[in-house]
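Commentary on secondary and tertiary structure
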Amino acid sequence: MVAAVALGAALLIALTSLGSGFREAARAPLAGIAADLVITRPDGGIPSEQTGRGVRQPFGLSTFDTGEIGQMSAVPGVDTAVGALQIWDFGPRSTITIAGVDPGQRSVGPGRILDHNLIAGRSFHPGEQRVAVLDRHYAAFYDTKVGQQVTVGGRDFSVVGVVEVKDSAQTAASNIYLPLADAQQLAGLAANQVNQVHVQVGNSADTEAVTAGITARVGQVSAITADSLVQIMGAVGRISARFSTIAAIIGGIGGLVLSWTALRGLVSERTREIGLLMAVGWRRSHVVAAFRIEALILGLVGAAVGIALGIVLAWLLSYIPAPDLVAAPPSMSGHSDAVQTTDTGLPVRVSLTAVGAAALVSLAGATGAGSLAARRATRLKPARSLVSL
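Quick caveat: nothing in here was measured; it's all calculated off a predicted structure.

Reading the values: the criteria
- Residues numbered from 1 in each chain as written.
- Predicted model: local features only at pLDDT ≥ 70, side-chain atom pairs only at ≥ 80, totals over all residues.
- Heavy atoms only, no water.
- Helix = DSSP H or I, 4+ residues; strand = E, 2+ residues; numbered from the N terminus.
- Buried < 20%, exposed > 50% of the residue type's maximum accessible area, 1.4 Å probe, protein only.
- Contact = heavy atoms within 4.5 Å.
- Areas by Shrake-Rupley, 256 points an atom, 1.4 Å probe, with all protein chains shown as cover.
- Phe/Tyr/Trp six-rings, centres within 6.5 Å; stacked < 30°, edge-to-face > 60°.
- Lys NZ or Arg CZ within 6 Å of the ring centre and 35° of its normal.
- Salt bridge = Lys/Arg side-chain N within 4 Å of Asp/Glu carboxyl O.
- Pairing = 2+ DSSP bridges.
- Axes fitted to C-alpha atoms, helices over the stretch in contact; angles between N-to-C directions.
- Left-handed = near helix turned anticlockwise from the far one by under 90°.
- Nonpolar A, V, L, I, M, F, W, Y, C, P; charged D, E, K, R; others polar.
- 1 Å grid on protein atoms, 1.4 Å probe; cavity = no way out; pocket = protein on both sides within 12 Å on 5 of 7 lines; lining within 4 Å.
- Points joined across faces, edges and corners; volume = space filled by probe spheres on them.

Observations regarding the overall build of the protein
Scanning the protein for helices and strands turns up 12 helices and 16 strands. Here the protein holds 389 residues, and 46% of them are scored as buried. For the protein, long-range pairs separated by at least 24 residues make up 78% of all intrachain contacts whose partners lie at least 6 apart in sequence. Here the protein displays about 18,200 Å² of accessible surface, and carbon together with sulfur accounts for 58% of that area.

Now the structure itself:
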């Protein structure tokens, strides 16, 4: 019985942790920039290779203007909509990525990186231009420090800060961050044009409705959401993320069935003992209470073993290679739904809720199964139980 209860508890914890791990892996890229949606607009052109040098937008993307961002902000459920500009500078030997950041909007989107990942210097001041913040790796590779100059698109910018982008915040990581006005000028865009809108939704469960609302107001768009990121994790990720609770319940029920079967067999083997107890004056309620206490103790032991086993299983699951979705912004191909992936461990964590649920189910199941099995055994007449003694 202990093994059966332990198996159910372990399955409940492991399956719940696996599902939450896939969900967290999918949410992490957007959580790092405090956004629930990344909206871009495909231009419907035929993809082709970028040729020539200079600064340009990723091929295949069209722009939004400030009026359309205002319409997105007005969609029910939207808390914040912040525009940004992703551009590329094709140089003679390399290509660098540039993020145009609105100095006055740094709570959501790539601008958030400047506030949360700064390791040297400072961020932008509102209205400031011809300044740049560099990624740490880019600054180290080109041996560029705060106070020096960096050339982008043939123009010089004063380096005022360096950021080190870690973990999920890499979603909007770039080599160089410029004030939005500078980036727009480099790309030859008007002062009200961006090619990326980061949307923060009041309730993340409303992302589909918000996407539909945005589409209705500004036309066809491409939206990156946590659900869309789950799609690229493969079938296991999709199933685990969506059906982990159901799988955990099934695992728990399976453990309870095994417990019931094991405990019923245990009680059946002790039918003679039950008959003897009732023959010497034990009431049925006394016998049931005794077996209920015994089942509770066995359930406690099974729950402890199962929880420990579940934690070990969850730890082993954390070694499953999971895609680290770090590049939601437009890619070289120009399609915003192209996401770079690198294999990292699945962020599996055992929650106290899962541990509590496993303990509760184990104790309740074991006690219930013990009571039912004992009640069934006490229905036999003591004389019949003692015949075989």
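A word on the packing of aromatic side chains
Under the definition given, this model contains 2 aromatic pairs. Their ring planes at 45° and their centres at 4.7 Å tell us that Tyr-138 and Tyr-142 sit as a pair that is tilted. For the ring pair Phe-141 and Tyr-142, a centre distance of 5.0 Å and an interplane angle of 80° mean the geometry is edge-to-face. Looking at Phe-141, the relative accessible area reads 66%, which means it is exposed. Of the residues examined, Tyr-142 reaches a relative accessible area of 39% and is grouped as partly exposed. Taken together, the aromatic side chains of Tyr-138, Phe-141 and Tyr-142 make up a single cluster linked through ring pairs. The aromatic ring of Phe-157 is capped on one face by Arg-130, whose charged end is 5.4 Å from the ring centroid.

Quick notes on the pattern of salt bridges
Counting across every chain of the model gives 4 salt bridges. Close ionic contact of Arg-136 with Glu-164 constitutes a salt bridge, the shortest N to O distance being 3.2 Å. Here Arg-136, found in helix H4 (residues 136-141), pairs with Glu-164, found in the loop between strand S10 (155-163) and strand S11 (176-179); they are 28 residues apart in sequence, far enough to count as distant. Taking relative accessible area as the criterion, Arg-136 reaches 32% and is therefore assigned partly exposed. Note that Lys-145 is salt-bridged to Asp-143, the shortest N-O span being 3.0 Å.

A short note on the pairing of strand S13 (residues 196-201)
For S13, the tally of buried residues reaches 5 of 6 residues, placing the bulk of the element in the interior. Pairing of strand S1 (residues 37-42) with S13, which is carried by 3 bridges, proceeds in the antiparallel orientation. In the strand pairing of S13, Ile-39 is matched with Val-197. By the bridge criterion, 6 bridges tie strand S5 (residues 78-90) to S13 in an arrangement that is antiparallel. Each residue of the ladder has a partner; that of Ala-81, found in S13, is Val-199.

Comments concerning the packing of helix H2 (residues 66-73) against helix H6 (residues 207-218)
At a minimum axis separation of 9 Å, H2 and H6 run at an interaxial angle of 140°. Seen from above, H2 lies across H6 with right-handed handedness. Within the contact between the two elements, H2 uses Glu-68, Gln-71 and Met-72 and H6 uses Ile-214, Arg-217 and Val-218. Among the residues making up the contact of H2 with H6, the classes are represented as 3 nonpolar, 1 polar and 2 charged.

Quick look at the environment of Gly-104
Among the secondary structure elements, Gly-104 is positioned in the loop between strand S6 (95-101) and helix H3 (111-116). Of the residues examined, Gly-104 reaches a relative accessible area of 54% and is grouped as exposed. Counting along the chain gives 75 residues from Gly-104 to Pro-179, while the straight-line C-alpha distance between them is 9.7 Å.

Quick look at empty space enclosed by the protein
All told, the structure shown has 2 cavities of 30 Å³ or more when counted by the stated rule. Reported here for the second largest cavity is a volume of approximately 30 Å³. Forming the boundary of the second largest cavity are Val-82, Gly-83, Ala-84, Gly-100, Val-101, Asp-102, Gln-105, Val-108, Pro-110 and Gly-111. Ranked by residue count, the leading element in the lining of the second largest cavity is S5, at 3 residues.

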